[in-house]
Amino acid sequence: MVDETAAPAPVAEDDGMSWWYRWLCKIAGVLGGISCAISGVWMCVTVNPLNIAAGVWMVLNAFVLFLCEVPFCCQFIEFANAVAARADKLRPWQKAFFYCGMAIFPVFLSFSFTTLFGNAIAFATGVLYGLASLGKKGDAVSYARLNHQKQGDEEKMTGTTDGVPQ
């Protein structure tokens, strides 16, 4: 017997992101995770406790980015697929807020070039998701139609057509 409840259901909702933009966000998340991990380990090689705290937070950021964006990299963790499925259900603005917030916190702990450059790509991932939440750009035809309709409404309100009062 095949248990149909064991297989995850595909996400049916469309969040307005094209396939290439979705892959761009995922690649940016992976690169952000790599840069956070390398910079975080580098930050931990010090005696300053705030640098160590920022480094640990950056390594945690890398782990969360990998867990949410590429869960197959974390196959040895039992809850990785559940976390990734929940992260996929988040709206783009929620991911943007989460990723940007995670990337800013270490900069507040220890302001240095390592924290700035290490978290820059993770922050850029949040910005990409934030741009995705704005939606698709409209085409020229619908913009021209909307502009023509707006112009007609303004003429009705002022009682003029072609600049001549009626």
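Quick note: structure is the one above.
Just so it is clear, the model here is predicted, and its values are computed rather than measured.

What follows deals with the nonpolar core. Formed by 18 residues in total, the largest nonpolar core has its most connected members in Met17, Tyr21, Cys25, Tyr99 and Tyr129. Among the secondary structure elements, those contributing two or more residues to this core are α1 (19–43), α2 (49–69), α4 (92–109) and α5 (113–134). Apart from the residues lying within four places of it in its own chain, the contact partners of Cys25 are Met17, Glu69, Thr125, Leu128 and Tyr129.

Positionally, Ile52 belongs in helix α2. Its relative accessible area of 31% is what places Ile52 among the partly exposed residues. For the pair Ile52 and Ser110, spaced 58 residues apart in the sequence, the C-alpha separation amounts to 9.0 Å. Dropping the residues within four chain positions of it, Ile52 is found in contact with Met43, Cys44 and Thr46.

One pass over the full model with this rule turns up five aromatic pairs. Taking 6.0 Å as the distance between ring centres and 45° as the angle between the ring planes, the aromatic pair formed by Phe98 and Tyr99 counts as tilted. Its relative accessible area of 38% is what places Phe98 among the partly exposed residues. Site record: aromatic cluster; members linked through ring pairs are Phe98, Tyr99 and Tyr129.

Turning to helix α3 (residues 80–89), a few remarks are in order. Considered for burial, the residues of α3 that qualify are Ala80, Ala84 and Ala87. Taken end-on, α3 shows its buried residues confined to a sector of 60°, consistent with a single buried face. Facing away from the buried side of α3 by more than 90 degrees, the exposed set consists of Asn81, Ala82, Arg86 and Lys89. Looking at the buried positions of α3, the neighbouring elements they touch are α2 and α4.

Time to look at the side chain of Thr115. Locating Thr115 in the fold gives a position in helix α5. Looking at Thr115, the relative accessible area reads 0%, which means it is buried. For Thr115, the side chain forms a polar contact with the main-chain oxygen of Ser112, separated by 2.9 Å. What Thr115 contacts, discounting residues up to four positions off in sequence, is Met43, Ala54, Met58, Pro106, Val107 and Ser110.

Once that is clear, we can look at the pattern of salt bridges. Counting across every chain of the model gives three salt bridges. Among the ionic pairs, Lys26 bridges to Glu69, the shortest N-O distance being 3.7 Å. Residue Lys26 is located in helix α1, and its partner Glu69 is located in helix α2; the two are separated by 43 residues in the primary sequence. Here Lys26 ties to Asp88 by a salt bridge, and the two come within 3.9 Å at their closest N and O atoms. One end of the pair, Lys26, is in helix α1; the other, Asp88, is in helix α3, with 62 residues separating them in the sequence.

At a minimum axis separation of 7 Å, α1 and α2 run at an interaxial angle of 155°. With respect to each other, α1 and α2 are oriented roughly antiparallel. Remark: the crossing between α1 and α2 carries left-handed chirality. Along the lines of polarity and charge, the residues of the contact of α1 with α2 split into 15 nonpolar, eight polar and two charged.

It is worth spelling out the side chain of Lys26 at this point. At 3.4 Å, the side chain of Lys26 forms a polar contact with the backbone oxygen of Glu69. In this structure Lys26 touches Cys68, Glu69 and Asp88, once residues within four positions along its chain are discounted.

Thresholds, definitions, all that
- Residues numbered from 1 in each chain as written.
- Predicted model: local features only at pLDDT ≥ 70, side-chain atom pairs only at ≥ 80, totals over all residues.
- Heavy atoms only, no water.
- Core = buried A, V, L, I, M, F, W, Y, C linked by side-chain atoms within 4.5 Å.
- Buried < 20%, exposed > 50% of the residue type's maximum accessible area, 1.4 Å probe, protein only.
- Helix = DSSP H or I, 4+ residues; strand = E, 2+ residues; numbered from the N terminus.
- Contact = heavy atoms within 4.5 Å.
- Phe/Tyr/Trp six-rings, centres within 6.5 Å; stacked < 30°, edge-to-face > 60°.
- Arc of directions from axis to C-beta.
- Polar contact = N/O pair within 3.5 Å; in protein donor to acceptor, adjacent residues only side chain to side chain.
- Salt bridge = Lys/Arg side-chain N within 4 Å of Asp/Glu carboxyl O.
- Axes fitted to C-alpha atoms, helices over the stretch in contact; angles between N-to-C directions.
- Parallel < 35°, antiparallel > 145°, perpendicular 65-115°, else oblique.
- Left-handed = near helix turned anticlockwise from the far one by under 90°.
- Nonpolar A, V, L, I, M, F, W, Y, C, P; charged D, E, K, R; others polar.

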